[in-house]
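# Structural overview for review
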Amino acid sequence: MRIGIDLGGTKIEGIAIADDGGERLRRRIAAPRDDYAKTLGALTGLVHAIEQELGVQATVGVGIPGTMSPATGLVKNSNSTWLIGRPLAEDLPRLLNRPVRFANDANCFALSEATDGAAAGAAVVFGVIVGTGTGGGLVIDGRVVTGANAIAGEWGHNPLPAARGIESPGPACYCGRHGCIETFLSGPGLARDYAESGGAGGGAIVTAQEVAARAAAGEALAGAALARYEDRMARALASVINILDPDAIVLGGGLSKIDRLYESVPRLWRPHVFSDRVTTRLVRAMHGDASGVRGAAWLWEAHDDQRRTR
Ligand SMILES: [Zn+2]
C-alpha cells in the first residue's frame, strides 16, 4: 500500500493506493497555516489515521509546494512560506519512523499522469500546470527528474521565447525578472492581457475562465486574447520540445480545461521546433486535481516495495 500526501497551502490531502493502482481511501484536512509544528502534527496524524482505517502500514510520499534544497536539505522555493528553511525531510521520517520521499507538487503531477494517466507508457513526459502560476515537472522512464538544483521543469521563470512588441521586456514577475513565461501563461496573466487589450470595459475583474467562456461565445476581444495566449504557449512549449523532446506534454490546472488548446497549440508550435515533423502529443491531465496526491503516492515504486521488505 502507498500513501500519498499533497501538502497544499490551504489543505492537506491524503490518498491510499493499493498495489493494483486502485484508490482505497482519500482524506482532506485544513492546512495549519503559518505553523510548522502544527503542519508536522497534521501530516503524522493523517498518515496514522489512514493506516488505522485500512489496517496496514504503507509507504509515504509527500508532494510539497517548493522543493528540498540539495545543498542544505531544507525546504526552499515554497509559497507556503512557513515551510521555508525547515528540516521537513528530517522531521517527518523521524516522526513516522520510516523513510519518506518528497517531491515538488508539479513533479508529482507529472509522475501521476506518466504512471497511469494521460501520458501512461510515454518515456519522456513534461507536465505543466497552468493555473494561479505556471509549474512544470519532468518524468523520464517513470521517474521524477529532480536535478542538481532541484529545479528541473521550472520553465515558468524562463523569458517568453521570441518576445515581440509589448512582450518585451514584458510584465514584472514576483521573482524579480520581467517577461517570465508565467506572467503570460498563468490565469492572472491571461486575465491581465485581456483587460489591457480593452476587454472587461468597466474595469470589473474578469477571470481567465471567463475570458475563455467569452471567446467560446464569439466575443472578438476575448478571442484575440486567447489566440495570443495560444501563440505564447506554443512558443514556450517549443523551446521545451527542442531541449527534452518529450513524447507527451500533459496540461493540468484551471486553464487546461480550455478545449481548443489541444488543437491550436501543436499546430502553432511546429514552426518553432527544430524538426520537420513533431510527434509530441499535447494532452489534458486525466486525474485532474487528484494528480498531485496520486503522484506523491507513486514516488514509491513497486520494485522499491520489494527492496524495502527484503
Ligand atoms: Zn518570474
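In this report, the structure presented in the accompanying data block is examined.

Conventions we followed
Residues numbered from 1 in each chain as written. Predicted model: local features only at pLDDT ≥ 70, side-chain atom pairs only at ≥ 80, totals over all residues. Heavy atoms only, no water. Core = buried A, V, L, I, M, F, W, Y, C linked by side-chain atoms within 4.5 Å. Buried < 20%, exposed > 50% of the residue type's maximum accessible area, 1.4 Å probe, protein only. Helix = DSSP H or I, 4+ residues; strand = E, 2+ residues; numbered from the N terminus. Contact = heavy atoms within 4.5 Å. 1 Å grid on protein atoms, 1.4 Å probe; cavity = no way out; pocket = protein on both sides within 12 Å on 5 of 7 lines; lining within 4 Å. Points joined across faces, edges and corners; volume = space filled by probe spheres on them. Nonpolar A, V, L, I, M, F, W, Y, C, P; charged D, E, K, R; others polar. Salt bridge = Lys/Arg side-chain N within 4 Å of Asp/Glu carboxyl O. Pairing = 2+ DSSP bridges. Phe/Tyr/Trp six-rings, centres within 6.5 Å; stacked < 30°, edge-to-face > 60°. Lys NZ or Arg CZ within 6 Å of the ring centre and 35° of its normal. Donors = N, O, S within 2.8 Å, 3.2 Å for Na, K, Ca; no water. Tetrahedral: all angles 85-135°; square planar, octahedral: opposite > 155°, others 65-115°. Expected span 1.5 Å × (residues − 1). Polar contact = N/O pair within 3.5 Å; in protein donor to acceptor, adjacent residues only side chain to side chain. Axes fitted to C-alpha atoms, helices over the stretch in contact; angles between N-to-C directions.

## Some points on the nonpolar core
Counting 37 residues, the largest nonpolar core has Trp155, Tyr229, Met233, Leu237 and Trp269 as its most contacted members. Every element with two or more residues in this core is listed here: β8 (124-130), α4 (181-185), α5 (187-196), α6 (208-216), α7 (220-244), β11 (248-252) and α8 (261-269). Among the elements that take part in this core, α7 stands out by supplying eleven residues, more than any other. Sequence-distant contacts of leucine 237, that is, excluding residues within four places in its chain, are made with Val128, Trp155, Ile249, Val265, Trp269 and Leu282. Ile12, Leu25, Val60 and Leu88 belong to the second-largest nonpolar core, a separate cluster that totals 27 residues.

## Observations regarding empty space enclosed by the protein
Unfilled space is identified by rolling a water-sized probe across the atoms. What the rule picks out here adds up to one cavity of 30 Å³ or more. If you trace the largest cavity, you find it lined by Thr67, Asn104, Asn107, Gly136, Thr146, Ala150, Ile151, Ala152 and Glu154. Of the residues that constitute the lining of the largest cavity, the class distribution is three nonpolar, five polar and one charged.

## Here's the deal with the pattern of salt bridges
Taken as a whole, this structure holds 26 salt bridges when the rule is applied. The salt bridge partner of arginine 26 is glutamate 13, with a shortest N-O separation of 3.4 Å. Of this pair, arginine 26 sits in strand β3 (residues 23-30) while glutamate 13 is found in strand β2 (residues 11-17), placing the two residues 13 residues apart along the sequence. Taking relative accessible area as the criterion, arginine 26 reaches 35% and is therefore assigned partly exposed.

## Some words on the pairing of strand β1 (residues 2-7)
Of all six residues making up β1, six are buried, and the element is well covered by its neighbours. Burial along β1 is two-sided: Arg2, Gly4 and Asp6 and Ile3, Ile5 and Leu7, pointing in opposite directions, are all buried. Here β1 runs beside β2; their pairing, made up of six bridges, is antiparallel. Each bridged residue has a counterpart across the sheet, and for arginine 2 the counterpart in β2 is isoleucine 17. Hairpin connection of β1 to β2: three residues between the antiparallel strands. Relative to strand β4 (residues 59-64), β1 runs parallel, the two being bridged by five bridges. Bridge pairing in β4 links isoleucine 5 to valine 62.

## A closer look at the packing of aromatic side chains
Evaluation of the coordinates by the stated rule reveals one aromatic pair. Each ring, one from phenylalanine 126 and one from tryptophan 155, has its centre 6.0 Å from the other, and the planes form 90°; the classification is edge-to-face. Linking phenylalanine 126 in strand β8 with tryptophan 155 in the loop between β10 (143-144) and α4, this pair joins segments that are 29 residues apart in sequence. Per residue, the accessibility class of phenylalanine 126 equals that of tryptophan 155, and both read buried. A cation over an aromatic ring shows up here: arginine 101 above the ring of tryptophan 300, its NZ or CZ 3.9 Å from the ring centre.

## Observations regarding the coordination of the zinc ion
Distances from the zinc ion to its protein donors, His157 (ND1), Cys173 (SG), Cys175 (SG) and Cys180 (SG), fall at 2.1 to 2.3 Å. Considering all four donor atoms around the zinc ion, the spread of angles at the metal, 105 to 118°, places the coordination shape in the tetrahedral class. Here the donor residues of the zinc ion are spaced in sequence according to H-x15-C-x1-C-x4-C. Looking at cysteine 175, the relative accessible area reads 27%, which means it is partly exposed.

## With respect to helix α1 (residues 36-54)
When the terminal C-alpha atoms of α1 are compared, their 27 Å separation across 19 residues agrees well with the 27 Å that a helix rising 1.5 Å per residue should span. Inspection of α1 places Tyr36, Thr39, Leu40, Ala42, Leu43, Thr44, Leu46, Val47, Ile50 and Glu51 among the buried residues, and these make up the whole buried set. Here α1 starts with a cap whose side-chain oxygen sits 3.2 Å from the backbone nitrogen of alanine 37, and that cap is aspartate 35.

## Quick notes on the sheet that holds strand β12 (residues 281-284)
The strand order across the open sheet built from five strands is β10-β9-β8-β11-β12, with neighbouring strands paired in mixed fashion. The open sheet has two edge strands, β10 and β12, and neither has a second partner. Here β8 pairs with β11 via five bridges, running parallel. When the sheet's bridge partners are listed, glycine 127 is paired in β11 with valine 250. Along the sheet, α7 makes contact with β8, β9 (134-140), β11 and β12, crossing β8 at roughly 150°. On the sheet, α8 packs against β11 and β12 and is oriented at approximately 160° with respect to β12.

Remember that the coordinates give geometry; whether it matters functionally is a separate question.
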